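# A closer look at the structure
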Amino acid sequence: MRAALIREVGSAPVVADVAEPAGDAIDVLAAPINPIDLAVSRGILATGHPDLPYVPGCEAVGRTADGKIVWIYGGSLGRTSEGAIAERAAIGDSHVIEVPAGADPALAAGLGIAGLAGWLPLAWRAPLRGGENVLVLGATGSVGLVAVQAAKLLGAERVVAAGRSAAGLERARECGADATLRLDEADDLVTAFREAFDGDGPNYVFDPLWGEPAAAAVQAVVPHATLVNLGQSAGATSELASAAVRFKSLSILGHTNFAVPPDELAEHYRRLVAHAVAGDIRLDVERVPLADVATAWRRQAEGAGTKLVVVP
């Protein structure tokens, strides 16, 4: 079968003929390229990488032998065993979750790792109760755009989208953000974050960035606010002011999709995809032929601005 193949650590994949997967497998209909796939290929993920050469891809939507359309994700898939950016992929120890009827496979695939990263912090890790003022950092990527929509759908009073891309922020506004903020144009992020909420600051921060934006958000939030961190795009460390954390009684939580219990993962994945089928959640998906996987891989590394999904 044909598959993407990583031959060397740090290299982009090439398309090659590889052996058929052993055991239960799916016919792959759509397989996203995710930041985690690049991290595995660079050898910087804590779990390492599969033996070289290997097929990358930590998730896919495909058809099982009995005709069901499923999303596979988790376990060792694409991290320490062969991945899913191929014509067929082994199920192995991954989660197998049936895709809701009527969902486009490419969209259902894009709503996996990326979609759930935007949804689960707000719906499960620190669920919104309604009426919150939510600051979405990194709102111009696929994860952040889902978060903007999720926050509105889950009852937030005001949602401010913050990011660096003007086009991405305009898309966030189209997706329901009440206001937008350019991170690279603000001289004082703390003041900018407060003013975006009429001077009071947010009481909930969705943070895939960490670094300076997270530090500023901690200073800007109101007492008893919640910050959920799920990434470090702006830096692996952040200088948080102890006084702000203590005297505001802040809750700072971490999130990773890999730590979500299987039953919760399945429930929320189906719920999220159902919202997309109903038109309540939008995600920009670009379908990429398997033959163009190397180019798409490099675009992902540079920040594609849309969800790249390989369609074998």
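All right, on to the overall build of the chain then. A count of helices and strands for the chain gives 10 helices and 15 strands. Over its C-alpha trace the chain gives a radius of gyration of 19 Å, about what one expects of a compact globule, namely 20 Å for 312 residues. A principal-axis box enclosing the C-alpha atoms of the chain has dimensions of 60 × 40 × 35 Å. Counting the 312 residues in the chain, one finds 53% classified as buried. If you take every contact in the chain between residues at least 6 apart in sequence, the share linking residues at least 24 apart comes to 68%. Placing the 25 positive and 37 negative side-chain charges of the chain at their respective mean positions leaves the two points 1 Å apart.

Right, let's talk about the packing of aromatic side chains for a bit. All told, the structure shown has three aromatic pairs when counted by the stated rule. Aromatic side chains Trp-71 and Tyr-73 sit 5.0 Å apart centroid to centroid with 5 degrees between the ring planes, which places their arrangement in the stacked category. In this pair, the class of Trp-71 matches that of Tyr-73, namely buried. With a centroid separation of 4.3 Å and 20 degrees between ring planes, the pair formed by Trp-71 and Tyr-269 is classed as stacked. On the criterion of sequence distance, the pair formed by Trp-71 in strand S5 (residues 69-73) and Tyr-269 in helix H9 (residues 262-277) is long-range, its members being 198 residues apart. Comparing Trp-71 with Tyr-269 shows no difference in burial state: the two are buried.

On to the packing of helix H3 (residues 113-125) against H9. The contact between H3 and H9 brings their axes to 10 Å, and the two run at 110 degrees. Judged by the angle between their axes, H3 and H9 are roughly perpendicular. Residue-level contacts link Gly-115, Leu-116, Trp-119, Leu-120, Ala-123 and Trp-124 of H3 to Glu-264, Leu-265, His-268, Tyr-269, Arg-271, Leu-272 and His-275 of H9. Across the contact of H3 with H9, the residue classes break down as eight nonpolar, three polar and two charged.

Here we come to the pattern of salt bridges. One pass over the full model with this rule turns up 10 salt bridges. A salt bridge links Arg-171 to Glu-174; its shortest N-O distance comes to 3.1 Å. In this pair, Arg-171 and Glu-174 are both assigned in helix H5 (residues 166-174), three residues apart and thus about one turn of the helix distant. Its salt-bridge partner being Asp-284, residue Arg-171 comes within 2.9 Å of it at the nearest N-O pair. Of this pair, Arg-171 sits in helix H5 while Asp-284 sits in the loop between H9 and strand S14 (285-289), and the two are 113 residues apart along the sequence. Residue classification places Asp-284 among the partly exposed positions, given a relative accessible area of 29%. Bridged by salt links that share partners, the residues Glu-20, Asp-27 and Arg-88 form one connected network.

Another aspect to go through is the sheet that holds strand S11 (residues 204-207). Backbone hydrogen bonds hold the strands of a sheet together, and the pairing may be parallel or antiparallel. The parallel open sheet is built from six strands, whose spatial order is S10-S9-S8-S11-S12-S13. A strand with exactly one partner marks an edge of an open sheet, and here the two such strands are strand S10 (179-182) and strand S13 (251-254). Shown here is a sheet whose adjacent strand axes are inclined to one another by a mean of 15 degrees, direction ignored. Relative to strand S12 (residues 226-229), S11 runs parallel, the two being bridged by four bridges. Note that in S12 the partner of Asp-207 across the bridge is Asn-229.

Basis of the calculations
- Residues numbered from 1 in each chain as written.
- Predicted model: local features only at pLDDT ≥ 70, side-chain atom pairs only at ≥ 80, totals over all residues.
- Heavy atoms only, no water.
- Helix = DSSP H or I, 4+ residues; strand = E, 2+ residues; numbered from the N terminus.
- Rg over C-alpha atoms; globule rule 2.2 N^0.38 Å.
- Buried < 20%, exposed > 50% of the residue type's maximum accessible area, 1.4 Å probe, protein only.
- Contact = heavy atoms within 4.5 Å.
- Lys, Arg positive; Asp, Glu negative; His and termini not counted.
- Charge placed at Lys NZ, Arg CZ, Asp CG, Glu CD.
- Phe/Tyr/Trp six-rings, centres within 6.5 Å; stacked < 30°, edge-to-face > 60°.
- Axes fitted to C-alpha atoms, helices over the stretch in contact; angles between N-to-C directions.
- Parallel < 35°, antiparallel > 145°, perpendicular 65-115°, else oblique.
- Nonpolar A, V, L, I, M, F, W, Y, C, P; charged D, E, K, R; others polar.
- Salt bridge = Lys/Arg side-chain N within 4 Å of Asp/Glu carboxyl O.
- Pairing = 2+ DSSP bridges.

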